[in-house]
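# What the coordinates show
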Amino acid sequence: MPLPRTGTTTVSATGNLAAAGQRARRARILDASVVLASKGGYDAVQMRMVAGQAGVALGTLYRYFPSKVHLLVSALARELEQSEERLGRVPGATPDERILFVLGRITQAMQRSPMLTEAMTRAFMFADPSAAAEVNEVASLLERMLTRAIHEGQPTPEESAVARIIGDVWLSNLVAWVTRRASANDVSEHLELAVRLLVR
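Cut-offs and rules
Numbering of residues starts from 1 in each chain and follows the order in which that chain's sequence is written. Where local features are concerned, this predicted model is filtered to residues with pLDDT of at least 70; where side-chain atom pairs are given and counted, the filter is 80 or more; whole-chain, interface and lining totals use all residues. Only heavy atoms go into the side-chain values, all of them from the structure, while hydrogens and water stay out. Inter-axis angles, ranging from 0 to 180 degrees, are taken between N-to-C directions of lines fitted to C-alpha atoms, where helices are fitted over the stretch in contact. Strands here mean DSSP runs of E at least two residues long; helices mean DSSP runs of H or I at least four residues long; both are numbered from the N terminus. Here the word oblique covers every angle except those under 35 degrees (roughly parallel), over 145 (roughly antiparallel) and from 65 to 115 (roughly perpendicular). Handedness of a helix crossing follows the sense of rotation of the near helix relative to the far helix, less than a right angle counterclockwise being left-handed and clockwise being right-handed. Any two residues having at least one pair of non-hydrogen atoms within 4.5 Å are treated as being in contact. Each residue gets one of three labels, nonpolar for Ala, Val, Leu, Ile, Met, Phe, Trp, Tyr, Cys and Pro, charged for Asp, Glu, Lys and Arg, and polar for the others, Gly among them. Working definition: a ring pair exists when centres of Phe, Tyr or Trp rings (six-membered ring for Trp) sit within 6.5 Å. Plane angles under 30 degrees give stacked, over 60 give edge-to-face, the rest tilted. A ring is scored as having a charge over it whenever the NZ atom of a lysine or the CZ atom of an arginine sits within 6 Å of its centre and within 35 degrees of its normal. Any Lys or Arg side-chain nitrogen found within 4 Å of a carboxyl oxygen on Asp or Glu counts as a salt bridge. Summary of the burial criterion: residues with accessible area below 20% of their type's maximum are buried, those above 50% are exposed, and those between are partly exposed, where the area comes from a 1.4 Å probe applied to protein chains only. Per residue, pLDDT captures the predictor's confidence, and it can take any value from 0 to 100. Patch rule: a residue counts if its relative accessible area is over 30% and it has no salt bridge; like charges are joined within 9 Å, and nonpolar side chains (Val, Leu, Ile, Met, Phe, Trp, Tyr) within 5 Å. Using a 1.4 Å probe, the Shrake-Rupley method yields the accessible areas, and only the shown protein chains count as cover for residues. How far a helix is expected to stretch is found by multiplying one less than its residue total by 1.5 Å.

## Digging into the packing of helix 5 (residues 95–111) against helix 8 (residues 157–178)
It is the contact of helix 5 with helix 8, at a shortest axis distance of 12 Å, that shows an interaxial angle of 30°. Our classification of the angle between helix 5 and helix 8 gives roughly parallel. Handedness of the crossing formed by helix 5 with helix 8: right-handed. Counting all contacts with helix 5, which are made through Ile99, Leu103, Ile106, Thr107, Met110 and Gln111, the residues of helix 8 involved are Ile166, Trp170, Leu174 and Trp177. For the contact of helix 5 with helix 8, the class distribution of residues is eight nonpolar, two polar and no charged.

Now the structure itself:
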């Protein structure tokens, strides 16, 4: 006589549906923040407006993102993830050429939407220790993209350190561009100099 089913499959399916719903809700929230930031920059991203546009309760929004800073730094991480997906195979005969290609593509994408970039960059600058996980995600994404540009496979500790430094240089130049202390050409020149000095 067969044993009765315990319902494990049903519980698992229900859990998967719940997780998918949470991912979709999170994506809607990020989409809403990007739309608002693209139109009005940092100040235009008001949590109540984000919740309304995303179709979620304000309390639900705060469970996903405790503050506007958390929300916009997470949006920056998603922008980098999408840039990574679009990159595909990185052209270039040498590591420095490939790194400059990656940085160029990311920078051009950011410069095409200056209000959104201003919002995400300001949030990154304002982030306090409570947003350490979101900030670290941005840093990890940059490091991963740059070490893959150096070569496929497991990076050496030195390659990881070089990628982190270049990522820091990129972020500081992004801040300079957003605050109008550097032009787009200045950013390109600074990045090229840093990469040429660090990558052999």
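More follows now that the structure is in view.
## Focus on the packing of aromatic side chains
Summed over the entire model, instances satisfying the criterion amount to one aromatic pair. A cation over an aromatic ring shows up here: lysine 68 above the ring of tyrosine 42, its NZ or CZ 4.0 Å from the ring centre.

## Points about the pattern of salt bridges
Opposite charge on two side chains allows them to pair when their charged atoms are near. If you walk through the whole model with that rule in mind, you get seven salt bridges. We note a salt bridge from aspartate 96 to arginine 196, for which the minimum N-O separation is 2.2 Å. Placement of aspartate 96 in helix 5 and of arginine 196 in helix 9 (residues 184–198) is noted, with a sequence separation of 100 residues between them. With relative accessibility at 14%, the residue aspartate 96 sits in the buried group. For arginine 196, the salt bridge goes to glutamate 192, with nearest N and O atoms at 3.5 Å. Taken together, the positions of arginine 196 and glutamate 192, both in helix 9 and four residues apart, correspond to about one turn of that helix. The exposure class assigned to arginine 196 is partly exposed, which follows from its relative accessible area of 34%. Sharing partners across several salt bridges, the network here consists of Glu84, Arg144 and Arg148.

## Description of the confidence of the model for the chain
Per-residue confidence for the chain gives a mean pLDDT of 90; residues scoring 70 or more make up 92%. The element-level mean pLDDT for the chain is lowest in helix 1 (residues 8–40), coming to 82, with helix 2 (residues 47–54) highest at 97. Taken together, the stretch residues 1–6 has pLDDT below 50 and engages in zero contacts with residues farther than four places along the chain or on a different chain.

## Description of a nonpolar patch on the surface
On the surface, Ile165, Leu193, Leu197 and Leu198 cluster together to form a nonpolar patch covering roughly 350 Å² of accessible area. Per element, the largest residue contribution to the nonpolar patch is three residues, and it comes from helix 9.

## A closer look at helix 6 (residues 114–126)
For helix 6, with 13 residues, the first-to-last C-alpha span of 18 Å sits near the 18 Å given by 1.5 Å per residue. Taken residue by residue, helix 6 has Leu116, Thr117, Glu118, Ala119, Met120, Thr121 and Ala123 as its buried positions.

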